[in-house]
Amino acid sequence: MGGLNPFLCHMGKLLLLLLLAPAITSGQPQNGVTVSQFTYNGEVEDIQWLGPDKKQVVFITTNQEVYFSNDEGTTFRDLSSELCRLPKVKDCKVTKIVTSGNNWVFLQGSGENHFISENRGSTWKKTAPLPYSKDIVPHPDAGNLVLATALSPKCERNRPRSSSSSSELGEKYCFKALYLSEDSGNSWRMIQSHVISFDWLINAGKKNKDFRSSSAEINPKSLIVSAIQPAHRQRDQRFGYWTPWADLLISNDFFKTEKVVVPGGNRFLFTPKFIFVAQVRSALSHAGSTEINLMMSIDFGESFYSGKLPFTLAQKSYTVLDTSEDTVFMHVNHGSENSPYGHVYISDGLGARFSLSFRDNHRNKDGKCDFEKVLGLEGVYIANYVENVDNIEAFESTKSGSSLKPGKRSHNRVEPSIRTVISFDKGGEWSALRPPTVGSNGAPIQCSSSDCALHLHGQSEELFGPVYSATTSVGLIMGVGNVGARLLNDRDAVNTYLSRDGGQTWSEVRKGSHIYEFGDHGGLIVMADDAHDTTQLLYSWTQGKNWNTVEVSKTPIQVENVIIEPTSKSTRFLVYGRDASKMGTNRGIIVSVDFSSLHERVCSDADYEIWRPRLSDNSCLLGHIVEYTRRKQDSACFNPKEHETKLAITNCECTEQDYECDFGYMRKYNHGPCERDPSVPDSDLKLPTQCPPTGILTISNGYRLVAGDTCEGGAQLGPTTYPCHRGFLGVSHHGWLVLLLVLALIVGMGCVTAKTDNRSEFDRFATKHFGDGTPARGIIGNIKLIVNSIKDAFSWRKSGHGPAEYGYVPEEDDEYWGEDNGDEYDFDEEEDEHDEPELISATTVAEPLPYNTSGSSKFAAASIPKLDAPPSQDYENDLFGDGDEV
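Residues numbered from 1 in each chain as written. Predicted model: local features only at pLDDT ≥ 70, side-chain atom pairs only at ≥ 80, totals over all residues. Heavy atoms only, no water.

### Things to note about the overall build of the chain
- When helices and strands are tallied, the chain shows 9 helices and 53 strands.
- Residue pairs in contact within the chain that sit at least 24 positions apart in sequence constitute 60% of those at least 6 positions apart.
- Of the roughly 40500 Å² of accessible surface on the chain, 51% is carried by carbon and sulfur atoms. (Helix = DSSP H or I, 4+ residues; strand = E, 2+ residues; numbered from the N terminus. Contact = heavy atoms within 4.5 Å. Areas by Shrake-Rupley, 256 points an atom, 1.4 Å probe, with all protein chains shown as cover.)

### Quick word on unusual backbone geometry
- Positive phi outside glycine occurs at Q64, with the angle close to 65 degrees.
- Along the chain, Q64 turns up in the loop between strand 4 (56–61) and strand 5 (66–69).
- Taking relative accessible area as the criterion, Q64 reaches 27% and is therefore assigned partly exposed.
- The phi dihedral of L622 falls on the positive side, at around 55 degrees, and the residue is not glycine.
- Structurally, L622 is set in the loop between strand 42 (608–611) and strand 43 (624–631). (Buried < 20%, exposed > 50% of the residue type's maximum accessible area, 1.4 Å probe, protein only.)

### Concerning the nonpolar core
- Judged by nonpolar contacts, the single largest core of 32 residues is most densely connected at L147 and W200.
- Put simply, the parts of the chain that give this core at least two residues each are strand 13 (176–181), strand 15 (195–200), helix 4 (202–207), strand 16 (223–228), strand 17 (246–251), strand 18 (259–263), strand 19 (265–270) and strand 20 (275–282).
- No other element matches the 4 residues that strand 16 contributes to this core.
- Other than its neighbours up to four places away in sequence, L147 contacts D135, I136, V137, L178, Y179, L180, I191, F198, D199, W200 and L223. (Core = buried A, V, L, I, M, F, W, Y, C linked by side-chain atoms within 4.5 Å.)

### What about the environment of G702?
- With respect to the element layout, G702 can be found in the loop between strand 49 (696–699) and strand 50 (703–705).
- Overall, the relative accessible area of 0% leaves G702 in the buried class.
- A sequence separation of 42 residues divides G702 from E660, and the C-alpha atoms of the two residues are 8.5 Å apart.
- Ignoring anything within four residues of it in the chain, the contact list for G702 reads E660, C661, D662, Y665 and C674.

### Observations regarding the packing of aromatic side chains
- For the coordinates displayed, the defined rule picks out 22 aromatic pairs.
- On the numbers, 4.7 Å between centres and 55 degrees between planes, the contact of F329 with Y381 is tilted. Of this pair, F329 sits in strand 24 (residues 329–332) while Y381 sits in strand 28 (residues 381–386), placing them 52 residues apart in sequence.
- Under the relative-accessibility criterion, F329 is labelled buried at 0%.
- Residue classification places Y381 among the buried residues on the basis of a relative accessible area of 0%.
- Here the aromatic residues F329, F358, F371, Y381, Y385 and W430 are joined through ring pairs into a cluster of three or more.
- We note K373 situated over the ring of Y381; from NZ or CZ to the ring centre the distance is 5.4 Å.
- One cation-aromatic arrangement involves R630 over W611; the distance from NZ or CZ to the ring centre is 4.6 Å. (Phe/Tyr/Trp six-rings, centres within 6.5 Å; stacked < 30°, edge-to-face > 60°. Lys NZ or Arg CZ within 6 Å of the ring centre and 35° of its normal.)

### What about the sheet that holds strand 34 (residues 507–511)?
- Sheet architecture is open: 4 strands sit in the order 31-32-33-34, paired in antiparallel fashion. Each edge of the sheet is formed by a strand with only one pairing partner; in this case those strands are strand 31 (453–456) and strand 34. Within the sheet, the average angular offset between the axes of one strand and its neighbour, ignoring direction, is 50 degrees.
- Looking at chain direction, strand 32 (residues 477–484) and strand 33 (residues 495–499) are connected through 5 bridges and run antiparallel. Within the sheet, the bridge partner assigned to M478 lies in strand 33 and is L498. (Pairing = 2+ DSSP bridges. Axes fitted to C-alpha atoms, helices over the stretch in contact; angles between N-to-C directions.)

### Thoughts on the side chain of N482
- Position of N482 relative to the elements: it lies in strand 32.
- On the basis of relative accessibility, which here comes to 3%, the residue N482 falls in the buried class.
- In this structure the side chain of N482 is engaged in a polar contact, spanning 2.9 Å, whose partner is the backbone nitrogen of L488.
- Once residues lying within four places of it in the same chain are set aside, the contact partners of N482 are A453, L454, H455, L487, L488, A493 and Y497. (Polar contact = N/O pair within 3.5 Å; in protein donor to acceptor, adjacent residues only side chain to side chain.)

### Description of the state of the cysteines
- Within this structure, the stated rule accounts for 7 disulfides.
- At a sulfur-sulfur separation of 2.0 Å, the disulfide partner of C155 is C174. Judged by the torsion about the S-S bond (100 degrees), the C155/C174 disulfide is right-handed. In this pair, C155 sits in the loop between strand 12 (146–151) and helix 3 (168–172) while C174 sits in the loop between helix 3 and strand 13, placing the two residues 19 residues apart along the sequence. C174 matches C155 in its accessibility class, with the two residues each being buried.
- In this model C447 forms its disulfide with C452; the gap between the sulfur atoms is 1.9 Å. An S-S torsion of about 125 degrees defines the bridge between C447 and C452 as right-handed.
- Take C447: its relative accessible area is 28%, and that puts it in the partly exposed class. (Disulfide = S-S within 2.5 Å.)

### Focus on the sheet that holds strand 6 (residues 77–78)
- Strand order in the open sheet formed by 4 strands is 3-4-5-6, with antiparallel pairing between adjacent strands. If you trace the sheet from one side to the other, it starts and ends with strand 3 (44–50) and strand 6, each paired once.
- Bridging between strand 4 and strand 5 involves 4 bridges; their strand directions are antiparallel. Along strand 5, the bridge assignment pairs V57 with S69.

### A short note on the pattern of salt bridges
- Applying the stated rule across the entire model yields 24 salt bridges.
- For E118, the salt bridge is made with K125, and the minimal N-O distance between the two is 3.4 Å.
- Residue E609 is joined to R500 by a salt bridge in which the shortest nitrogen-to-oxygen separation is 3.5 Å. Of this pair, E609 sits in strand 42 while R500 is found in the loop between strand 33 and strand 34, placing the two residues 109 residues apart along the sequence.
- On the accessibility criterion, E609 (27% relative accessible area) is partly exposed.
- Judged by its relative accessible area of 22%, R500 falls in the partly exposed class.
- Three or more residues are tied together by salt bridges with common partners; here these are K55, E72, R572 and D594. (Salt bridge = Lys/Arg side-chain N within 4 Å of Asp/Glu carboxyl O.)

### With respect to the confidence of the model for the chain
- Mean pLDDT for the chain: 77, with 72% of residues reaching 70 or above.
- Summarising per-element confidence for the chain, the mean pLDDT is lowest in helix 9 (residues 796–799) (30) and highest in strand 33 (98).
- Note that pLDDT drops below 50 for residues 10–20; the model gives that stretch 3 contacts with residues more than four away or on any other chain.
- Contacts for the low-pLDDT stretch residues 403–410, under 50 throughout, to residues beyond four places or in other chains number 3 contacts. (pLDDT = per-residue confidence, 0-100.)

### Here we look at the environment of Q279
- As for its placement among the helices and strands, Q279 is situated in strand 20.
- Its relative accessible area of 10% is what places Q279 among the buried residues.
- Along the sequence, Q279 and P263 sit 16 residues apart, while their C-alpha atoms lie 7.2 Å from each other.
- A distance of 2.8 Å separates the side chain of Q279 from the backbone oxygen of P263, its partner in a polar contact.

### Focus: the side chain of D658
- Secondary-structure assignment places D658 in the loop between strand 45 (653–654) and strand 46 (659–661).
- Within polar-contact distance, the side chain of D658 engages the backbone nitrogen of T655 at 2.7 Å.
- Once residues lying within four places of it in the same chain are set aside, the contact partners of D658 are L622, G623, E653, R704, L705, V706, D709 and C711.

Structure, rendered in structure tokens:
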């Protein structure tokens, strides 16, 4: 038989390309809702909004292709083809999107090619080559300054050498190097080797809610870097393990000079108030684990202090869950690596002293914890706990002595039994969620159990949408779960629930599992079925009272997520997933749903109501009554973009509910009194032997006012204070003795100088050679020497630093009465297999880490967290993240 017609072959290839090419389809408005659809190859790997107005959208796929929109996602264009046409570009695959607060956006390539736009994606250029880069961090204000890390050539045996990353040290050893560009990526130079973590120090100020008053204190060129000490760099860097041979450094001149601020500092984390640092104090303790000390700073790294914990941080995972309200919630895994639970501790207002807040908090093996702050409200948290811990521990102890062969699994494994609770007073007391009585179909909800309650899935379970709230949608919370005695994992047993009063009451809004999102300051709620293929989207503009449907596709979609721009103020939503009708082709689909024509007017004063959060008949939460304004349920209008919700605050009288247990005390049961915690040794609670510099002695009564609580008068359960005498004129007797000795030395040295110095009697005070480099002698010189020695010897008591050249960090002891300072602590480095030590925020996790074994040098891109809460611009209520873990 003869060959196929060449024309037919050509047409066949063209048809195949057309079928696989991205496609845009637009539909007609449906009841004021406009839908447009875009298809592509692969699945969404990451998506970002650009610029201050969030009009531009860029996303990358699992195929490492990138697409760009200039109209909030209504239409997209294939950006990969544009990048491939740039001069000298051989590889245009993209693995990561990096943005800054200005118009700057960076696309990190899979090889040595990277791309930058300085005008929110309008035009692009290729940067100088930087092979196998890890992380890119642009300066938040100066677009020309960029930091990046990359592996040295030794790490990748088969990779070609590049002049930008090649060095004698890099050819000999494998390490991660820090590079700097001062010309927007046109050139790179290495400024530090063997780096663990890094950032611009000014980013700590950007997270700080008091940044406007404190930003002047931070040098815009200051870097904070954790790196291996120079004496230990003549070897391969081990990735993913604690090491005592690392220091936390700060440099103000790109490492021409540097200062050690935390010796042994492995990882750090920025949160709205603190800088946290994980300090390795010793290689291995007598118990065979690495000892970790939690250091904090509240003055942007000028000084650090150690957190006082009722336990020792050994080589076990711990997660900083929240720091948004001037306290730190920390989850600590006290059990094995795969333990499904840990305890949550809360700090005082300085983050310095921790006490137990919540027992047996549920977590997964990756360290994700079911502990959510309700954004937009003060002091409200929802958490899950494991109720059958005793049964699990009994089984584990039995299993440890089992004769099962390796690899064999017991069929009698005890699964965690999980329940959900809520706190309205920042973890002081916890109570079950009140279950709805009527289902979404109008039928009564039957629950015969005496401990019947509503239970919701959290971050630890990726199969369902977690508890969700947004700063701009005050009072609204959504979640997936069930009514019963405990939480169920069966898709057919869960439903979707909504609260519009901050978690006090709940309603079932739909049967089955859904994924959800808020917009228009909570005036719009959008959700989609994420358990079954669907062609429709559900929406409500009455805060869940009524629901409508809109068709988003002619063919079924397997929905992955529903998202909106980061502030949740817009009326445009994006729905993405996979085309269920073409599953074999891995065809992705993203749908823009625009509700801007749903209403015809902007809300007026008559469309708003005053809402006051309350607990039963008590409106006092955290010592005050807060009133919010929000749109009435049935008002058919849009909220203005700059709508303010908080109206007024009135303080209340203090009650026991305004207090939490102080360090060294705990509640043995909910609503119980604060009693002595037996796990805290008496030595940690002993009274000081000297009067503090304040002249006031503080003695704990077991309670402390919850940080942020503003109650006045009423019950006074906090510490008792006593004035103490520090001696004449405020100086102790010991201090007067030191001063007398100093005076005697000065007089003695003056006499010796007068007798032995052969200079002119007119130069008795050694001023003749002042300024010419000649060492000063005589009385004045000796006085200066004494004064400087005294200052060096005692300055650590005031500043937290000692006379050591690089800022020695003293350990806490009973005689240290220095100023309290705090730092945020975060380890955030995503790596394959053996991740480096991490201190995480709400949605980031870190695994328990081995010590001193070889790690992997391969890195995997992180997948998008399902229903990741949009970052808030209001850092008072924003969960900096999210939870942080180490």
